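Okay, here's what each chain looks like letter by letter:
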Amino acid sequence: MALGLLNLKYESIVLPYDDESTPVQLMGVKMLPIFDFGDSRVSNESLDIIKILDTDNLLRCDLLTEEKLEELNSLLSEIGSNVHSLCMPYWMWTPEFNDQSRKYFQDKKESKRGPFSKLIQNKETFLNGLSTTLSSLEKELLPFYQSEKITILDIMIASHLWGMYIFPEFQFSQKLDTYLQEVRRLTKFNYHEDFWR
């Protein structure tokens, strides 16, 4: 999303979820994304990558004060907890998974969150929690998060919410859908469309 908004060309390489060796060889830890700047600099910290690339501060990374990051991380944690619990049983059937990486993903995530079957049984709890969070979020859209213009905050929020489009029994409100689709348009976001073809 950030690269699209900054009009920077890039090549997207999607690693199988069970590929531990590539990120460990590159960065010493299994953590993505990894960005190669092409000048011997490589980073796996999303915000650091964006700050380096956004030389004109178009995304307003200066908004990310310690206080704002604490506020935003709290919101993203609320969103992520429910979105992940609802969507992981569906995400593992998307095109970037094969049988081996799907099993790896399921084993890893179930060890942390419990069996996917239980997550599905408890979906109403997660949907209710997400609904409460989204109701509060809507009040902050002006039409972007606390702003009339798109910023890094919107990229962080939209990237956490986008996965809910896969959940068959959920629909965003018109306001949130309009917000997410506008973020998508401005960032030229295609969720690895080149990989899915």
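Below, the structure is looked at part by part. (Residues numbered from 1 in each chain as written. Predicted model: local features only at pLDDT ≥ 70, side-chain atom pairs only at ≥ 80, totals over all residues. Heavy atoms only, no water.)

Brief notes about helix 5 (residues 99–113)
Turn by turn, an α-helix covers 3.6 residues, leaving residues three or four places apart pointing in a common direction.
Right, on to step 1. For helix 5, which comprises 15 residues, the first-to-last C-alpha distance of 21 Å matches the rise-based estimate of 21 Å (1.5 Å per residue) to within 8%.
Right, on to step 2. Buried residues of helix 5: Ser101, Arg102, Tyr104 and Phe105, and no others. End-on, the buried residues of helix 5 take up no more than an arc of 165°, which puts them together on one face. Along helix 5, the residues that are exposed and aim more than 90 degrees away from the buried face are Asp99, Gln100, Lys103 and Ser111.
Right, on to step 3. On its buried side, helix 5 packs onto helix 4 (66–91) and helix 6 (116–121).
Right, on to step 4. Between the side-chain oxygen of the N-cap and the backbone nitrogen of Gln100 there are 3.1 Å, and the N-cap of helix 5 in question is Asn98.
Right, on to step 5. Of the residues trailing helix 5, Gly114 is marked for its positive phi of about 95°. (Helix = DSSP H or I, 4+ residues; strand = E, 2+ residues; numbered from the N terminus. Expected span 1.5 Å × (residues − 1). Buried < 20%, exposed > 50% of the residue type's maximum accessible area, 1.4 Å probe, protein only. Arc of directions from axis to C-beta. Contact = heavy atoms within 4.5 Å. Polar contact = N/O pair within 3.5 Å; in protein donor to acceptor, adjacent residues only side chain to side chain.)

Some points on the pattern of salt bridges
Should their charged atoms come close, side chains of opposite charge can pair.
Right, on to step 1. Within the structure shown, the criterion is met by seven salt bridges.
Right, on to step 2. Residues Lys68 and Glu71 are paired through a salt bridge, measuring 3.3 Å at the closest nitrogen-oxygen approach. Taken together, the positions of Lys68 and Glu71, both in helix 4 and three residues apart, correspond to about one turn of that helix.
Right, on to step 3. By relative accessible area, Glu71 is classed as partly exposed at 34%.
Right, on to step 4. Its salt-bridge partner being Glu182, residue Arg185 comes within 2.7 Å of it at the nearest N-O pair. Linking Arg185 with Glu182, this pair stays in helix 9 (residues 174–187), spanning three residues, or about one helical turn.
Right, on to step 5. Assessed through its relative accessible area of 55%, Arg185 is described here as exposed. (Salt bridge = Lys/Arg side-chain N within 4 Å of Asp/Glu carboxyl O.)

Some words on the packing of helix 4 against helix 8 (residues 152–161)
Right, on to step 1. Two elements in contact, helix 4 and helix 8, have axes separated by 9 Å at closest approach and are oriented at 15°. Taken together, the axes of helix 4 and helix 8 are roughly parallel relative to one another. The element helix 4 and its partner helix 8 pack so that their crossing is right-handed. On helix 8, the residues that touch Lys68, Leu69, Leu72, Leu75, Leu76, Ile79 and Val83 of helix 4 are Leu153, Met156, Ile157, His160 and Leu161.
Right, on to step 2. Grouping the constituent residues of the contact of helix 4 with helix 8 by class yields ten nonpolar, one polar and one charged. (Axes fitted to C-alpha atoms, helices over the stretch in contact; angles between N-to-C directions. Parallel < 35°, antiparallel > 145°, perpendicular 65-115°, else oblique. Left-handed = near helix turned anticlockwise from the far one by under 90°. Nonpolar A, V, L, I, M, F, W, Y, C, P; charged D, E, K, R; others polar.)

Comments concerning the nonpolar core
Right, on to step 1. Counting 47 residues, the largest nonpolar core has Leu59, Leu72, Leu137, Tyr145, Ile157, Met164 and Tyr179 as its most contacted members.
Right, on to step 2. A per-element tally of this core places helix 4 first, with eight residues.
Right, on to step 3. Excluding residues within four positions of it along the chain, Tyr145 makes contact with Glu71, Leu72, Leu75, Leu137, Glu140, Leu153, Asp154, Ile157 and Tyr179. (Core = buried A, V, L, I, M, F, W, Y, C linked by side-chain atoms within 4.5 Å.)

Quick look at the environment of Tyr104
Right, on to step 1. By secondary structure assignment, the location of Tyr104 is in helix 5.
Right, on to step 2. Taking the C-alpha atoms as reference, Tyr104 lies 9.8 Å from Met92; in sequence the two are twelve residues apart.
Right, on to step 3. If we ignore the near neighbours within four places in the chain, the residues touching Tyr104 are Tyr17, Asp18, Glu20 and Lys30.

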